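Reading the structure
Read off the chains here:
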Amino acid sequence: MMPVASAHRWIPPMVLAQLLACLFGFIMHPFSFSPRIELAVPLESPSEFMRDHTHADQPNTSTIYSKIPAYVIVGAQKSGTSALYFGLCEHQNVTCSAYVKEPFFLTNGITEEFVRSSAASSFSVAAAKEFQKQYIEACFNVTKLSEFAWTTSEASTSYFDSDVALDALRLLPVEDVRILVVLRDPLDRAYSLYQHEIRKFMKDDQVDVGDVATFAAAVSSEIDAINECVALDSNTGHAFHRTQGKAAQESTPSFPFAVFYQCIQRARVAMRQQVGLKSPGYLFGSFYFGRYIRWKQAFGRRLRVILYDDLREDPVGTLDRVVEHLGLPPMHWTAAAMSSVRHEYQQGSRYLPYNRSDTHIRAIEDLFEPHTNLLALHLRRCLPWGSASRATCDLFT
């Protein structure tokens, strides 16, 4: 990935500013037992955003625009999305023409307006095409595309947890857009995000090591909210375990733990409003099942779930299977590309490990277990995440 110091040579200034705002105003600070908050930069108005992000030198070719993006990597954060994105860039028919890998366009104010307008009776295909044009011209340099390498994409990790992004992609007039999501052991993902924040802010000379909150302290408010959602799901008449075998009513949630996930979404919104951050917390984003169901219902077979575990164990083979899902010809692997991809996934984590036998860690693992088990059943494959969840692997061997 190009260092930020040299990125200004090819990334439009306002796009770079938007990227930095996303990167450095993102989640809860991991410092002190009452964590400080880093406020996110407010979103630009739609008119300001388009004024600064539209590139007049890009051809308005309907044939090209109807194929962009060919696929989108929607998350999850800290699960290997960058390596997947750049690994697919090695394909001979793929051109990574996005100005930045993570433009976060489909979770901004313009997209929210577009999704709201889609409910109006006056909404038309022309409106969808106009939005797509704005999206493309803000995020992609189409002049880099060619007849033989028009396939392009972006990879914004905020999309997986966003209904706005899901609806926008569903409404885009794109020919058979594919959705890729990378999932990782939920506890590993949360802890990696925590370590990432520590690593980022420890660069501040004013930060004392003694001020760094433990992982347990950093997630304590989330655990309280999660336990409240668990209790709500258990006590409601529409909870999964109390509706099995009963006739579904109109108000009955459409999938297991739906009440829980609705509660989690409300808790995230409340925390976001309280602290002023786009995506606060570490644990909320690791409850995958409810989000997977929403994306699966919207995109069906066009959705592909890739496991971080598979990318670590066999990155070349896993990328080959993703390429097949995208409908592309087999990858022409060079020795250099193959070596680079293997190194990217198999070099190991930069972050310190944690003790999985710790009582607090095991309690968090127990919160994830039923959701991981349901996800395994839906994916029809083993998810070796945590000691309890590994037991479900016996069903798939």
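One can find the structure itself at the top, above this paragraph.
Our subject in this report is the structure included herewith.

So, about the pairing of strand 3 (residues 178-183). Most of strand 3 sits out of view: six of its six residues are buried. Side-chain alternation along strand 3 places Arg178, Leu180 and Val182 on one buried face and Ile179, Val181 and Leu183 on a second face that is also buried. Bridge count for strand 1 (residues 71-73) against strand 3 is three bridges, and the pairing is parallel. What sits directly across from Val72, in strand 3, is Ile179. The pairing of strand 3 with strand 4 (residues 303-307) spans five bridges and is parallel.

Under the counting rule described, the total for this entry stands at 11 salt bridges. Taking the shortest distance from any N to any O, the salt bridge between Arg268 and Asp161 comes out at 3.1 Å. Of this pair, Arg268 sits in helix 13 (residues 258-275) while Asp161 sits in the loop between strand 2 (153-155) and helix 8 (163-171), placing them 107 residues apart in sequence. Assessed through its relative accessible area of 7%, Arg268 is described here as buried.

Unoccupied space between atoms shows up once a probe the size of one water molecule is rolled over them. Summed over all chains, the structure comprises two cavities of 30 Å³ or more. Computed from the structure, the second largest cavity encloses a volume of approximately 40 Å³. Lining the second largest cavity are Pro186, Ser286, Phe287, Tyr288, Phe289, Phe368, His371, Thr372 and Leu375. Among the elements that take part in the lining of the second largest cavity, helix 18 (residues 359-379) stands out by supplying four residues, more than any other. Of the residues in the lining of the second largest cavity, the class split is six nonpolar, three polar and no charged.

Conventions used here
Residues numbered from 1 in each chain as written. Predicted model: local features only at pLDDT ≥ 70, side-chain atom pairs only at ≥ 80, totals over all residues. Heavy atoms only, no water. Buried < 20%, exposed > 50% of the residue type's maximum accessible area, 1.4 Å probe, protein only. Helix = DSSP H or I, 4+ residues; strand = E, 2+ residues; numbered from the N terminus. Pairing = 2+ DSSP bridges. Salt bridge = Lys/Arg side-chain N within 4 Å of Asp/Glu carboxyl O. 1 Å grid on protein atoms, 1.4 Å probe; cavity = no way out; pocket = protein on both sides within 12 Å on 5 of 7 lines; lining within 4 Å. Points joined across faces, edges and corners; volume = space filled by probe spheres on them. Nonpolar A, V, L, I, M, F, W, Y, C, P; charged D, E, K, R; others polar.

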